[in-house]
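Inside the fold
Now for the letters of each chain:
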Amino acid sequence: MKVLHQVHPEDFVNYTTQQIRDKFLLENLVAPDKIECVYTHYDRMIVGAATPVTTTLKLETYDNLKADYFLERREIGIINIAGNGTITVDGETFDLEKKDCLYIGKGKQEVIFASKDAADPAKYILFSCPAHMEYPTRLMKPSEALPAELGSLENNNHRVINKYIHLDGIRSCQLVLGVTSFKAGSIWNTMPPHLHDRRMESYFYFDLPENQRIIHFMGQPHETRHIFLNNEQAILSPSWSIHSGTATANYSFIWAMAGENLVFTDMDPVPTTELQ
Ligand SMILES: O=C(O)C(=O)C[C@H](O)C(=O)CO
Ligand SMILES: [Zn+2]
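Residues numbered from 1 in each chain as written. Chains lettered and ligands numbered in written order. Predicted model: local features only at pLDDT ≥ 70, side-chain atom pairs only at ≥ 80, totals over all residues.

Helix and strand content of the protein chain: 2 helices and 23 strands. The C-alpha radius of gyration of the protein chain comes to 18 Å, within 12% of the 19 Å expected for a compact globule of 276 residues. In terms of its C-alpha atoms, the protein chain occupies a principal-axis envelope of roughly 55 × 40 × 35 Å. Sequence separation of at least 24 residues holds for 72% of the intrachain contacts in the protein chain that already meet a minimum separation of 6. (Helix = DSSP H or I, 4+ residues; strand = E, 2+ residues; numbered from the N terminus. Rg over C-alpha atoms; globule rule 2.2 N^0.38 Å. Contact = placed C-beta atoms within 7 Å.)

Right, let's get into the UniProt feature "binding site: Zn(2+)" (unreviewed entry) in the protein chain. In the numbering used here, UniProt assigns the "binding site: Zn(2+)" (unreviewed entry) feature to His194, His196, Glu201 and His243. Separation in sequence by 50 residues is not matched in space for these annotated residues, since their most distant C-alpha atoms are only 11.5 Å apart. The topology assignment puts His196 in the loop between strand 16 (194-195) and strand 17 (199-206). C-beta crowding within 10 Å serves as the criterion here: with 21 such atoms nearby, His196 is assigned to the buried category. (UniProt positions renumbered as here; feature names shortened; annotations may be inferred. Buried ≥ 20, exposed ≤ 12 C-beta atoms within 10 Å, placed from the backbone.)

In this structure, Leu275 sits in the segment after strand 23 (268-269). Under the C-beta neighbour-count criterion, Leu275 is labelled partly exposed, with 17 such atoms within 10 Å. C-alpha of Leu275 to C-alpha of Tyr15: the two residues are 260 residues apart in sequence and 19 Å apart in space.

Let's shift gears to the site of ligand 1. Among the 13 residues in the neighbourhood of ligand 1, the closest are listed as Ile161, Thr180, Asn189, Thr190 and Trp255. Taken together, the elements giving at least two residues each to the shell around ligand 1 come down to strand 14 (159-165), strand 15 (176-182) and strand 22 (252-259). (Near = placed C-beta within 6 Å.)

With that settled, consider the pairing of strand 15. Counting buried positions over the 7 residues of strand 15 gives 6, a clear majority of the element. Across 6 bridges, strand 14 lies against strand 15 in antiparallel orientation. Of the residues in strand 15, the one forming a bridge with Val160 is Ser181. Examined bridge by bridge, strand 15 and strand 22 share 6 bridges and lie antiparallel to one another. Directly across from Thr180, in strand 22, lies its bridge partner Phe253. (Pairing = 2+ DSSP bridges.)

Should the pLDDT be low somewhere, the predicted coordinates at that spot are not to be read in detail. In this model, the protein chain carries a mean pLDDT of 97, and residues with pLDDT of at least 70 account for 100%. Mean pLDDT across the elements of the protein chain ranges from a minimum in strand 13 (residues 146-150), with 91, to a maximum in strand 11 (residues 124-130), with 99. Scored by ipTM, the complex comes to 0.99, with pTM at 0.98. (pLDDT = per-residue confidence, 0-100.)

The 7 strands lie next to each other as 1-3-4-11-6-9-12, forming an open sheet whose pairing is mixed. Every other strand in the sheet has two partners, leaving strand 1 (2-4) and strand 12 (138-140) as the edge strands with one partner each. For this sheet the average axis-to-axis angle between neighbouring strands, irrespective of direction, equals 20 degrees. Pairing between strand 6 (residues 74-80) and strand 11: 7 bridges, direction antiparallel. Pairing of Asn80 across the sheet is with Tyr124, part of strand 11. (Axes fitted to C-alpha atoms, helices over the stretch in contact; angles between N-to-C directions.)

Structure follows, in structure tokens:
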């Protein structure tokens, strides 16, 4: 499993585009008939994808974890971004359609991913962090998630934030997770931006049409940088960094946080007039 170490904000300001890509961009996670994971040293969050097409895939442990099984000391939040499939957790099978979320608590030993149709396979995006106790495994549909409608078409940022795993939703030890989708004509996420020194965050962008690009902004508010992303790529946001994006077409993204505090609204807003 690839391992990414932390970057200090004083070093970040000297990074080239390539260095930013190497240290924060997660590419090639979605690969047919594979589970691909990256271990980050940002609150030890693992970001990955399981893409069963012609075969089922079992979530195995990694040597990095020094654990008998993946969830021995971890919890995991999973969003299916594509065709219908199933996840079987210690013998119990959950059906997942597009944008459904499954939370699996610490201690579950066997997790098996499957697609219902190889011609339209499921793609499961995974976010896992250390956990100190077991919360119940729970499936949530987008219609059951707590929505927040933010922004306006006038400001090109009219979007719906569906919160799945948080203090008032699926309970977890430290994972907070949801999916943001855009109204037609809006392309700006998380603008105005914010910081949350208590939590790292990762964004996984999806549903971007072919040949279109995401432009993701990061860095301290007075030292911002950007990189271009493709569809189905993820980017890490350290606790000192804003995380905001725009795109050349409509898209959705999963956001997942780990650290302290499960309150979604715990954010320190950054006025756009202060960005540099
Ligand atoms: O569009 C947005 O704004 C978001 O989805 C923001 C994320 O939920 C976030 O950054 C939470 O901290
Ligand atoms: Zn955030």
